Amino acid sequence: MRFACRFLFFCSGYYNYEHGHEPQWPGREDFRGRIVHPQHWPADLDYRRKKVVVIGSGATAVTLVPDMAATAAHVTMLQRSPSYIIALPSRDRIGALLRRWLPSRLSHPLIRWKNVSLASAFYQFSRRRPATVRRMILRQARQLLGPGFDVQRHLAPSYKPWDQRLCIAPDADIFKAVRGGKASIVTGQIECFTAAGLRLVSGEEIAADVIVTATGLQLKVLGGATLTVDGTVVDMAKCIVYRGAMFSGVPNMAVASGYTNASWTLKCELVARYVCRLLNEMAVRKLDVCVPVNEDAELPTQAFLDLSSGYVQRSADLLARQGLRRPWRMYQNYLLDLLTLKFSPLRDGVLRFSAKPAPRD
């Protein structure tokens, strides 16, 4: 099937939803139980009163462990290295009060800006005072898990907060499961699968009836599409992101992208509105082509996503770069993006416009 358009807007996300990242450990075929990847969760999986091992320490694992622990005999979260886990209430009390006492036309914007402001402030504080935020996170874990749990070994990553995304535990659910004995956290490297579970490099063996490989995601750029411009294949790794929405040298194309430190849809909305503004401008002025052009050969660049997470590093050679100066800089800041994408002039000297020549009679 072939589609034709005058402007292409990708809203395909950046994950490979067909295949997640799943390392191949020795002995998988020897395991007598069931191995499951979260991206292909079987409807008939029954883990009630069974011993479950969840391999991983990211958001997927942190979400699965307390949920499965409610009915499983025991759930072990096996991690190669720790992640930061923060307990937050699932109910927004301030938001509930605002919705109770104010009409929706006032309460909804106030709740939105409250959440945006708090998330942004915490992120900025974390980047400026990482040691302080680290102490705060680990102090909370010690309070929730009690003096008998080795927080330093199992919940103290080697990296700074927000070098990778933080994991959220609604109502401290994973901490409650661990402290209540329904779940446990083991830190170590897998040597191999065995018939009855897993053996670690340390020699420790973990029994399991079900093993869940929550071992991360894989990225897929532009939904797997291959771009060509005038017959030449576009190497996305050589492109530079323009205002977080378009790419240098690629005409009439935009991508809905979001934040790594806040709700993904916050920036998607800003990009969508920017694209509408751009299309309206082109329609009014009867323009056919818009393309960001970088003429600064000395423009310093850095990675598209400023994260050390495995799924980002594994796909670094597939992702475009970002510049360290406007308009090539990507901000993890809603207010800055709001000002840039909503109010910045479209004709900034970098985004070039043109009209196709009129056809001859």
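Residues numbered from 1 in each chain as written. Predicted model: local features only at pLDDT ≥ 70, side-chain atom pairs only at ≥ 80, totals over all residues. Heavy atoms only, no water.

Trainee: Which residues make up the packing of helix α7 (residues 264-284) against helix α9 (residues 334-343), and what values go with them?
Mentor: One way to put it is that α7 packs onto α9 with a least axis distance of 9 Å and a crossing angle of 10°. Judged by the inter-axis angle, α7 sits roughly parallel to α9. Only Tyr 334, Asp 337, Leu 338, Thr 340, Leu 341, Lys 342 and Phe 343 of α9 make contact with α7, whose side of the interface consists of Leu 266, Lys 267, Leu 270, Val 271, Tyr 274 and Arg 277. Its residues placed into classes, the contact of α7 with α9 shows eight nonpolar, one polar and four charged. (Axes fitted to C-alpha atoms, helices over the stretch in contact; angles between N-to-C directions. Helix = DSSP H or I, 4+ residues; strand = E, 2+ residues; numbered from the N terminus. Parallel < 35°, antiparallel > 145°, perpendicular 65-115°, else oblique. Contact = heavy atoms within 4.5 Å. Nonpolar A, V, L, I, M, F, W, Y, C, P; charged D, E, K, R; others polar.)

Trainee: Lay out the sheet that holds strand β9 (residues 197-200) in plain terms, naming residues and giving numbers.
Mentor: Spatially, three strands are ordered β8-β9-β10 in an open sheet, and the strand pairing comes out antiparallel. In this open sheet, the two strands that pair with only one neighbour each are β8 (190-194) and β10 (205-207). Strand-to-strand twist across the sheet, computed as the mean angle between neighbouring axes with direction ignored, equals 20°. Of the pairings in the sheet, the one linking β9 to β10 comprises three bridges and is antiparallel in character. (Pairing = 2+ DSSP bridges.)

Trainee: Which residues make up the sheet that holds strand β3 (residues 51-55), and what values do they have?
Mentor: The pairing of strands in a sheet happens through backbone hydrogen bonds and is either parallel or antiparallel. Taken in spatial order, the five strands of this open sheet run β2-β11-β3-β4-β7, and their pairing is parallel. The open sheet terminates on both sides in strands that have one partner only, identified here as β2 (34-36) and β7 (183-187). On average, each strand axis in the sheet is tilted by 20° relative to the strand beside it, whichever way the strands run. Alignment of β3 against strand β11 (residues 210-213), held across four bridges, turns out to be parallel. Residue pairing across strands places Val 54 opposite Val 212, the latter belonging to β11.

Trainee: Summarise the packing of aromatic side chains; cite the residues concerned and give the values.
Mentor: Per the counting criterion, the structure on display carries six aromatic pairs. An angle of 65° between the planes, with centres 5.4 Å apart, marks the rings of Trp 113 and Tyr 334 as edge-to-face. Of the two residues, Trp 113 is situated in helix α3 (residues 104-128) and Tyr 334 in helix α9; the sequence distance between them amounts to 221 residues. Where Tyr 123 meets Trp 162, the ring centres are 5.5 Å apart and the plane angle is 75°; that geometry is what we call edge-to-face. In this pair, Tyr 123 sits in helix α3 while Trp 162 sits in the loop between α5 (151-154) and β6 (167-170), placing the two residues 39 residues apart along the sequence. (Phe/Tyr/Trp six-rings, centres within 6.5 Å; stacked < 30°, edge-to-face > 60°.)

Trainee: An account of a nonpolar patch on the surface is requested, with residue identities and associated values reported.
Mentor: Where nonpolar side chains cluster on the molecular surface, the patch consists of Trp 113, Leu 335, Leu 339 and Phe 343 and spans about 410 Å² of accessible area. Among the elements that take part in the nonpolar patch, α9 stands out by supplying three residues, more than any other. Structurally, the position occupied by Phe 343 is in helix α9. Accessibility expressed as a relative area gives 54% for Phe 343, which makes it exposed. (Patch = residues over 30% accessible without salt bridge, like charges linked within 9 Å, V, L, I, M, F, W, Y side chains within 5 Å. Areas by Shrake-Rupley, 256 points an atom, 1.4 Å probe, with all protein chains shown as cover. Salt bridge = Lys/Arg side-chain N within 4 Å of Asp/Glu carboxyl O. Buried < 20%, exposed > 50% of the residue type's maximum accessible area, 1.4 Å probe, protein only.)

Any functional reading would require information that these geometric values do not contain.
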